[in-house]
Amino acid sequence: MSNLDAQLTQLPLLQLTNGFMSFKTFATAVDLDVFSRLADGRSATFEELAAELDLHPRPADLFLAALTSIGLLAKDGPAYRNSDLAETFLVVGRPYYFGGYVKFYNHKLYAGWHRVLEALRSDSPVLWDPDEQDTLWVPDDAVVMSLFWEAMHSLAGFTARALAGQYDFAGRRRLLDVGGGSGGFPIELCRMYPGLRGTVYEFAHVCPIAEEKIKQAGVDHVVDTVAGNYATDEALPGGYDVILLSQILHNHDEKFDRMLLDKCFAAAPSGGIVIICEHLLNPERTGPPEAALMGMNMLVAQSGGRNYSETEYSSWLVDAGFTEPVIVRFEAGGGNGAVIARKG
């Protein structure tokens, strides 16, 4: 005990240990639609919320106290209301609704993390069997189809806006979102830049999901879809002066990623750019936590995936033939930055 630093406490370890409690409390509130019930400034008493949520008094009291303690609810006298964070991102129908992401992690990924030691020992995903299917995103997985694409949409639009705050797309004409999911990126960017047109390049079974989102957003005159598979198609669609890889490369190993960047270089016109948008590790691969922990998530969910550093992406881009890689920083759920490089 004589060597124990007087300033050192167990509190950081307690917070790490209790992290799952915060998540499961949060995720349960999303499942119960607590925040939509309190939308638009509504406040409600403990008794009112207990009745609406069909909860007994004791669990309702514990639940609301916990949600308030982690910053998702606020309490004014006897009444609870949404915090600014919950009102902005956790009310169904809000432009950057985050609940889809929470539901996917709660109902799909969380169970896989119970087997993380198995993933560490086997170097194989535990969410699906690579001997039985080629990818996590198969059309006959009802949970993935109902939650994953909505989860990615939860992140994409806000991340696109954050990227646009650091890179000006004015003067760019056509954007190809490789593996673009439900189209959140081109929907947002084409709204912000009237001269820009976008294409979601995605699995055939995902294109209808993207098309519905595009139609709902009212941008179907400037955003479309092209069915394909960036892993197996010989070439990417051509004619796009912006090729976006948002949360794509961390799903694969270095050999695959270099192959995909070669395809990007072949498809890009002279003067075109490629954008790698990710949670970037620092050059020393010591953080930040959101990037390093997403790497662990790839261990659970993918075969070969990991998060890479900004220097790794920059060197791969140069090796593929791109020039002048630059790194831009921002804060968003779908990335903490982007590496952007030019062809010719």
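Residues numbered from 1 in each chain as written. Predicted model: local features only at pLDDT ≥ 70, side-chain atom pairs only at ≥ 80, totals over all residues. Heavy atoms only, no water.

### Section: the overall build of the chain
Stated formally: Helical segments are the DSSP runs of H or I of at least four residues, strand segments are the runs of E of at least two, and each set is numbered from the N terminus. The globule rule is 2.2 Å times the number of residues to the power 0.38, and the radius of gyration it is compared with is taken over C-alpha atoms. We call a residue buried when its accessible area falls under 20% of the maximum for its residue type, exposed when it is over 50%, and partly exposed in between, using a 1.4 Å probe and counting protein chains only. Note on definitions: a residue-residue contact is assigned when non-hydrogen atoms from the two residues lie within 4.5 Å.
Of regular secondary structure, the chain possesses 14 helices and 10 strands. Against the globule reference of 20 Å for 344 residues, the chain gives a C-alpha radius of gyration of 22 Å, in line with a compact fold. Viewed in the frame of its principal axes, the chain has a C-alpha envelope of about 65 × 60 × 40 Å. Taking all 344 residues of the chain together, the buried fraction comes to 50%. Of all intrachain contacts in the chain linking residues separated by at least 6 positions in sequence, the fraction that spans at least 24 positions is 70%.

### Description of the state of the cysteines
Under the convention used in this document: Our working definition of a disulfide is a cysteine sulfur pair at a distance within 2.5 Å.
Taken as a whole and judged by the stated rule, the model has zero disulfides. Between Cys 207, a cysteine without a disulfide, and Cys 190, which holds the nearest cysteine sulfur, the sulfur-to-sulfur distance is 16 Å. Not engaged in a disulfide, the cysteine Cys 277 finds its nearest cysteine sulfur in Cys 264; these two sulfurs lie 14 Å apart. By relative accessible area, Cys 277 is classed as buried at 0%.

### Things to note about the sheet that holds strand 3 (residues 79-82)
In any sheet, the strands associate via hydrogen bonds between backbone groups, in a parallel or an antiparallel arrangement. Note the threshold: At least two DSSP bridges between two strands are needed for those strands to be called paired. Lines fitted to the C-alpha atoms define the axes, with helices restricted to the stretch that makes contact. Angles between their N-to-C directions range from 0 to 180 degrees.
With antiparallel pairing, the three strands of this open sheet are ordered in space as 1-3-2. Two strands lie at the open edges of the sheet, namely strand 1 (43-45) and strand 2 (73-76), each paired on one side alone. Taken over all neighbouring pairs, the strand axes of this sheet differ in orientation by 35° on average, direction set aside. Across four bridges, the pairing between strand 2 and strand 3 is antiparallel. Of the residues in strand 3, the one forming a bridge with Asp 76 is Ala 79. Of the strands in this sheet, strand 1 and strand 3 are in contact with helix 4 (residues 46-53), which crosses strand 1 at around 90°.

### A short note on unusual backbone geometry
It is generally the case that most residues other than glycine have a negative phi and that most peptide bonds are trans. Look at the link from Gly 287 to Pro 288: it is a cis peptide, with omega at 5°. Relative to the elements of secondary structure, Pro 288 occurs in the loop between strand 8 (273-278) and helix 13 (289-301). Of note, Asp 54 is a non-glycine position whose phi angle comes to about 60°, a positive value. Along the chain, the position of Asp 54 falls in the loop between helix 4 and helix 5 (57-69). A relative accessible area of 70% means that Asp 54 is categorised as exposed.

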